[in-house]
Amino acid sequence: MSRLLLLLLLLGLWLPAVTPAHLVIPEDSGLKALSDTGGRILKKRSSPDVGASDIDVYSVKVDCKVTSRFAHNVITSRAVNRGNVSHEVLFDMELPKTAFITNFSMVIDGVTYLGQVKEKEQAKQQYQQAVSQGQTAGLVKASGRNMEKFSVSVNIAAASKVTFQLTYEELLQRHMGQYEMMIRVQLKQVVQHFEIVIDVCEPQGIAFLNANGTFISNELLPLVEKTVSENTAHVSFSPTVEQQRSCVGCTSTLIDGDFFITYDVKRERDAGEIQIMNGYFVHHFAPSDLQRVRKNVVFVIDESGSMHGTKIRQTREALNAILSQIHVDDYYALLVFDHGFRTWRPSLSPATPKNIAEAKEFVNGIDARGGTNINQAVLESVRMLEQDKATSQLPDHSVSIIILLTDGDPGSGETNPERIRQNVLNAIGGKITLYCLGFGNNVKLSFLEKMAAENNGVARRIYEDSDAAIQLQGFYNEVANPLLSDIELQYPENAVDSLTDNTFKQLYNGSEIVVAGHISDNDLDNFLAEVKAQGAVQELQLQAQASVQDSQKAFRNQCYIFGEFTERLWAYLTIQQLLSKRGSGSPEERANKTARALELSLKYSFVTPLTSMVVAKPPKDNRDDLMLADKLTEDQRVTPPPIHPTPVTVNSVDSDPHFIVQPPNQNDTLCFNIDESPGVIFNLVRDPQTGMVVNGETIADKHPDPSGRVGTYFWRFGIVSQSLGLRLDVSTQGIELLHGQSRLELSWDESLTLKQTNFDLQMDKERSLTVSLKDSVKFVVILHKVWSKHPTHRDYLGFYTLDSHLLSPATHGLLGQFYHGLSFQVSELRSGETSDKPDATMLVKGQHLTVTRGWQRDFRTDVKNGQEVACWFVHNNGTGLIDGTHRDYIVSGIFKTS
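All values derive from a computational prediction rather than experimental measurement.

Chemist: Would you mind showing me how to read the sheet that holds strand 17 (residues 273-277) here?
Modeler: Two strands in a sheet stick together by hydrogen bonds in their backbones, pointing the same way (parallel) or opposite ways (antiparallel). Taken in spatial order, the four strands of this open sheet run 17-18-29-27, and their pairing is antiparallel. Every interior strand has two partners, whereas the edge strands, strand 17 and strand 27 (496-497), have only one. Where strand 17 meets strand 18 (residues 280-285), five bridges bridge the pair, whose relative direction is antiparallel. The residue of strand 18 that forms the bridge with Ile274 is His283.

Rendered as structure tokens:
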């Protein structure tokens, strides 16, 4: 269901201005000021509750106006600082990922600060100028599956007020027969004036409208006021302070959850509804009471090694449920692939009970193995459909679709995404619809999005979660019942221009087609729309007619008009479609689509992937203070920017302890473990020419696990740069920095940035320490916090080299020996001890080793769960891969340099 999602996380209103979230120590502060006895110039940050009681959010209003499915949303929050000193106030909310921010403003002591939408590169340059002056920014982050979080903080003086207002717009999509608006409200305190107001106007007529919420108790239900007439509806919810309280006298609130509006419009078996306003029209088409069209579907399922475990189990579960739901009139096939492919049957089969039962037996035998040959699998599915169509084995007037499910990028056979897309496009030739489902966070959805869009389909991410099987079933349900195929909507010739897409491969039950355009003939009065499509049995032809003058007059009388409504809807739809297509076509065509989308984004002030909103805050010390609001791509949503920009290769050690090696000259990853007694110190990196050394000390679990095994981890790293006169002692307990005669102690309990001539340190509270050494190396240490009362595990550290290219070729150590390349070849793939972990033979350093395909985790972007990294596992403490044996790397002290 389309979701209009709003989140008001009202109160991050706790940090007083004297304790900013990130402490920055510039060069001129000097480490010389640090006491040689360990005294610190950095004070511990104040408790987050300091000053929170002084900030009073006294008004919050959510105002939503929906006109012909186009939603215009304004969120206004007002706060006052009742304290005697200045405080930092945070405005924090969420909006749907399909929405475009159009405006943001702050009013502080009567002065208005407006956001400006600019071309992304121009905005970035302006922002970087402010960043170079020590300012901070970054307003939009991914939040959950369907939302983006917008956050902005501002310092307000004692007794001052601030008003935040954010506006965004979205075209609601019809899914499964209804539109849904979800307003997420998470008030952190009671608010003197809190109000949700929603007005809906649908000239087509409102068939039904429901309003409810997860936090709406029997006591709050009477406060949900709903009035529905023929074409309009009004919903409001405005509890008093006492009604908001979770208990008598409490400052905590019951208003914490989701508020829902679901509705649909009245429909006939006709050509739909046309609205015309100010020279633009919008046409909604979704006729009722149509007979479903029979379909032919090939499920193309990834069973490569990375699908092992939960993902393959959930895929089997979903396919079994989908097979039970396939309509008796439909035909289907199953194709599973890794580095090759296999089919349930060579042709599509009718959905008889006997065939369904046999298909389920095949599904239950699907198991993870091998590589990922997407190109071969999709082309074979096309061949199956084409062959069965040519031999008249499929029903007349049926539609053909392919549903591809994969969790990774192409890794076998043809691996070039551009060539795969071209191969698929040529094979399908516009005759088949391709839907692509990307399972998990590791798949780059942009490739699947482009390939699906080029073949009349869409791509969607299936999130790795307990409900993944339900997500898969939900997608199939959306495409289970086609009603029309080969749909074309036609409009007066020579009287209409700038049309959005007006041809569609299918219309599914419960969905809707929307077309908008500009009326170029100013004298046109009778506007005629014709719809041609193929139905279940015969061709369908429908007409709709509207008077331009009468339509505008009726529309103004009936509906809530915000700005140039139809023009903005047209612009929104045009931009969305251009963005989805700009990866296809010749270089010139792609450039033209991008340029047009950018032009419209700037003209209508939409924050899109091509633009950014620059938000100015009150100046600090006569310097600009800027923030940047970007629109995230789907890949950015699930792969947040790393702690620092990541180069091509990253070598690391983390967990128990697992070493991950990515040689710069190889397109694959190796991994090995080191099993040794606790308390041992290993040399990880040693460069005799630059004097750079990294050593790590291990620690054991508190107790053996149920199997009797005692895990060991790195808990302390000693880092030395002899050329810079620098020594770092990094442990789970804290960090000590020695530079010349100066000493600085740091705690994991704070965030700070330390900039010096020859090195930079950046600490993210209870998360990571990033170290950049001039003309040497950049690395990050990850802190893994474990519950202090855990019966087995302790806190531990991970070490990741981000940039090592400036270290000399003489660099060695358990990690350092791989910094400048390694040659190896993997062959003779064969079954391993378990079906999801095949074995192979690796030729490396003149030796043939048996290696196993496995997975380790990279925790740089997700400290809690990590991201899976597929690798070839070298057994026996890396014997044959590392020089010598692992005991050759044991040193006698944490700062031992030779």
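Chemist: Before we go on, may I ask you to explain helix 10 (residues 565-581) in this structure?
Modeler: One full turn of an α-helix is made of 3.6 residues, so residues set three or four places apart face in the same direction. If you check helix 10, its first and last C-alpha atoms are 25 Å apart, about what 17 residues at 1.5 Å a residue would give, namely 24 Å. The element helix 10 is extensively covered by neighbouring structure, given that 14 of its 17 residues are classed as buried.

Chemist: Help me understand the pairing of strand 41 (residues 734-739), please; the structure alone is not making it clear to me.
Modeler: As a general feature of sheets, a regular strand has side chains that alternate between the two faces. Relative to strand 41, strand 40 (residues 726-731) runs antiparallel, the two being bridged by six bridges. Pairing of Ser731 across the sheet is with Gly734, part of strand 41. The loop that links strand 40 with its antiparallel partner strand 41 comprises two residues. The turn joining strand 41 and strand 42 (residues 742-746), which pair antiparallel and follow one another in sequence, is formed by two residues; a positive phi near 65° is taken by Gly740.

Chemist: Got a minute to help me understand the nonpolar core in this structure?
Modeler: The tendency in soluble globular proteins is for nonpolar side chains to be buried side by side. Counting residues in hydrophobic clusters, the biggest one holds 58 residues, and the most contacted among them are Phe104, Ile198, Phe237 and Phe259. Element by element, the count of residues in this core is highest for strand 3 (residues 55-67), at six residues.

Chemist: For this particular structure, what's the right way to read the pairing of strand 20 (residues 331-337)?
Modeler: For strand 20, a buried count of seven out of seven residues is recorded, marking the element as mostly surrounded by other parts of the structure. Across the two faces of strand 20 the burial is the same, with Tyr331, Ala333, Leu335 and Phe337 and Tyr332, Leu334 and Val336 all buried. Examined bridge by bridge, strand 19 (residues 295-302) and strand 20 share seven bridges and lie parallel to one another. Bridging from a neighbouring strand, Ile301 pairs with Val336 of strand 20. Note that the unit made of strand 19, helix 3 (residues 310-325) and strand 20 has a crossover that is right-handed. Pairing geometry for strand 20 and strand 22 (residues 349-350), over two bridges, is antiparallel. Paired with Tyr331 across the strands is Pro350, a residue of strand 22. Where strand 20 meets strand 21 (residues 341-343), three bridges bridge the pair, whose relative direction is antiparallel. When the bridges of strand 21 are listed, Leu335 appears paired with Thr343.

Chemist: What exactly am I supposed to notice about the pattern of salt bridges here?
Modeler: For the structure on display, the rule yields 38 salt bridges. A salt bridge links Glu386 to Lys431, with the nearest nitrogen and oxygen atoms 2.9 Å apart. Highlighted residues: Glu386 in helix 5 (residues 374-390) and Lys431 in the loop between helix 6 (417-428) and strand 24 (433-439), separated in sequence by 45 residues. For Glu386, a relative accessible area of 29% corresponds to the partly exposed category. Here the salt bridges do not stand alone but share partners, grouping Arg69, Arg174, Glu202, Asp264, Arg267 and Glu512 into one network.

Chemist: Quick question: what am I supposed to make of the packing of helix 3 against helix 8 (residues 468-479) here?
Modeler: Helix-helix packing is characterised by the crossing angle of the two axes and by the distance between the axes. Two elements in contact, helix 3 and helix 8, have axes whose closest approach is 8 Å; the angle formed by their N-to-C orientations is 35°. The handedness of the crossing between helix 3 and helix 8 is right-handed. When helix 3 is examined against helix 8, the residues Gln314, Thr315, Glu317, Ala318, Ala321, Ile322 and Gln325 are found in contact with a partner set consisting of Ala468, Ala469, Leu472, Gln473, Tyr476 and Asn477. Residue composition of the contact of helix 3 with helix 8, by class: seven nonpolar, five polar and one charged.

Chemist: It is not clear to me how unusual backbone geometry should be interpreted in this structure. Could you clarify?
Modeler: Trans peptide bonds make up the majority, and among non-glycine residues the majority have a negative phi. In the Ramachandran plot, Arg69 falls in the positive-phi region, its phi being about 75° despite a non-glycine side chain. With respect to the element layout, Arg69 can be found in the loop between strand 3 and strand 4 (70-81). At Ser392, a residue that is not glycine, the phi angle is positive and equals roughly 60°. Take Ser392: its relative accessible area is 63%, and that puts it in the exposed class.

Chemist: Teacher, can you tell me more about the packing of aromatic side chains here?
Modeler: How two aromatic rings sit relative to each other is set out by the distance from centre to centre and by the angle between their planes. Counting across every chain of the model gives 27 aromatic pairs. An aromatic cluster is defined as three or more aromatic residues linked by ring pairs; in this entry it consists of Phe70, Phe100, Phe565, Tyr572 and Phe606. One cation-aromatic arrangement involves Arg727 over Phe895; the distance from NZ or CZ to the ring centre is 4.2 Å. Positioned over the ring face of Trp872 is Arg853, at 4.8 Å from the centre of the ring.

Chemist: Which parts of the structure should I look at to understand the state of the cysteines?
Modeler: Two cysteines whose sulfur atoms are joined by a covalent bond form what is called a disulfide. On inspection of all chains with the given rule, the structure shows two disulfides. There is a disulfide in this structure between Cys247 and Cys250, and the S-S distance comes to 1.5 Å. The class of Cys250 is buried, set by a relative accessible area of 18%.

Chemist: Honestly, the sheet that holds strand 41 in this entry has me stumped. Any pointers?
Modeler: Strand order in the open sheet made by the seven strands is 42-41-40-39-38-37-52, with antiparallel pairing throughout. With partners counted over all chains shown, the strands left at the sheet margins are strand 42 and strand 52 (890-891), one partner each. In terms of strand pairing, strand 39 (residues 712-721) meets strand 40 through six bridges, oriented antiparallel. Paired with Arg716 across the bridge in strand 40 is Ser731.

Chemist: Mind showing me how you'd approach the environment of Asp465 here?
Modeler: With respect to the helices and strands, the residue Asp465 is situated in the loop between strand 25 (459-462) and helix 8. Overall, Asp465 belongs to the partly exposed group, its relative accessible area being 41%. Residues Asp465 and Gln314 lie 151 residues apart in sequence; the distance between their C-alpha atoms is 9.5 Å.

Chemist: Would you take a moment to explain the side chain of Ser349 for this structure?
Modeler: For Ser349, the location among the structural elements is in strand 22. A distance of 3.0 Å separates polar atoms of two side chains, one belonging to Ser349 and the other to Arg345. Aside from chain neighbours lying at most four places away, what touches Ser349 is Asp330, Tyr331, Tyr332, Trp344 and Asn355.

Chemist: Sorry, what's going on with the packing of helix 6 against helix 7 (residues 445-453) here?
Modeler: Contact geometry for helix 6 and helix 7: axes closest at 10 Å, N-to-C directions at 20°. The angle between helix 6 and helix 7 falls in the class roughly parallel. Viewed along their axes, helix 6 and helix 7 form a crossing whose handedness is right-handed. Of the residues in helix 7, those in contact with Pro417, Ile420, Arg421 and Val424 of helix 6 are Phe447, Lys450 and Met451. Looking at the contact of helix 6 with helix 7 residue by residue, the class counts come to five nonpolar, no polar and two charged.

Chemist: Even after reading the chapter, I still don't get the side chain of Ser655, so can you show me in this structure?
Modeler: If you trace the backbone, Ser655 turns up in the loop between strand 34 (651-654) and strand 35 (658-661). The contacts of Ser655, once residues within four sequence positions are left out, are Thr712, Tyr713, Phe714, Tyr796 and Phe859.

Criteria and cut-off values
- Here, residues in each chain are numbered from 1, in the same order as that chain's written sequence.
- In view of the model being predicted, local features appear only for residues whose pLDDT reaches at least 70, and side-chain atom pairs are presented and counted only at 80 or more, with totals across whole chains, interfaces and linings using the full set of residues.
- Water and hydrogen atoms play no part in the side-chain values, which are based on all heavy atoms of the structure.
- Paired strands are those between which DSSP finds at least two bridges.
- For helices the rule is a DSSP run of H or I covering at least 4 residues; for strands it is a run of E covering at least 2, with both sets numbered from the N terminus onward.
- To estimate how far a helix should extend, the number of its residues minus one is multiplied by 1.5 Å.
- Each residue is placed in one exposure class: buried if its accessible area under a 1.4 Å probe, protein chains only, is under 20% of its type's maximum, exposed if it is over 50%, and partly exposed if it falls in between.
- Grouping buried Ala, Val, Leu, Ile, Met, Phe, Trp, Tyr and Cys residues that are joined through side-chain atoms within 4.5 Å yields what is termed a nonpolar core.
- When the strands point away from the viewer, a crossover counts as right-handed if the route from the first strand across the helix to the second turns clockwise.
- By definition here, a salt bridge exists when the distance from a side-chain nitrogen of Lys or Arg to a carboxyl oxygen of Asp or Glu is within 4 Å.
- Every angle, taken between N-to-C directions, lies between 0 and 180 degrees, and every axis is a line fitted to C-alpha atoms, over only the stretch in contact when it is a helix.
- Whether a crossing is left-handed or right-handed is set by the direction in which the near helix is turned from the far one by less than a right angle, anticlockwise for left-handed and clockwise for right-handed.
- Should any heavy atoms of two residues lie within 4.5 Å, those residues are counted as being in contact.
- Charged residues are taken to be Asp, Glu, Lys and Arg, nonpolar residues to be Ala, Val, Leu, Ile, Met, Phe, Trp, Tyr, Cys and Pro, and polar residues to be all remaining types, Gly included.
- Any two rings among Phe, Tyr and Trp, with Trp reduced to its six-membered ring, count as a pair given centres within 6.5 Å; such a pair is stacked if its planes are under 30 degrees apart, edge-to-face if over 60, and tilted if neither.
- Two conditions define a charge sitting above a ring: the NZ of Lys or the CZ of Arg must be within 6 Å of the ring centre, and it must be within 35 degrees of the ring normal.
- The disulfide criterion is simple: two cysteine sulfur atoms within 2.5 Å.
- Think of a polar contact as two N or O atoms within 3.5 Å of one another; within protein, one of them needs to be a possible hydrogen donor and the other a possible acceptor, and neighboring residues in sequence only count if both atoms come from side chains.
- Should an angle lie under 35 degrees it is considered roughly parallel, over 145 roughly antiparallel, and from 65 to 115 roughly perpendicular; all remaining angles are considered oblique.

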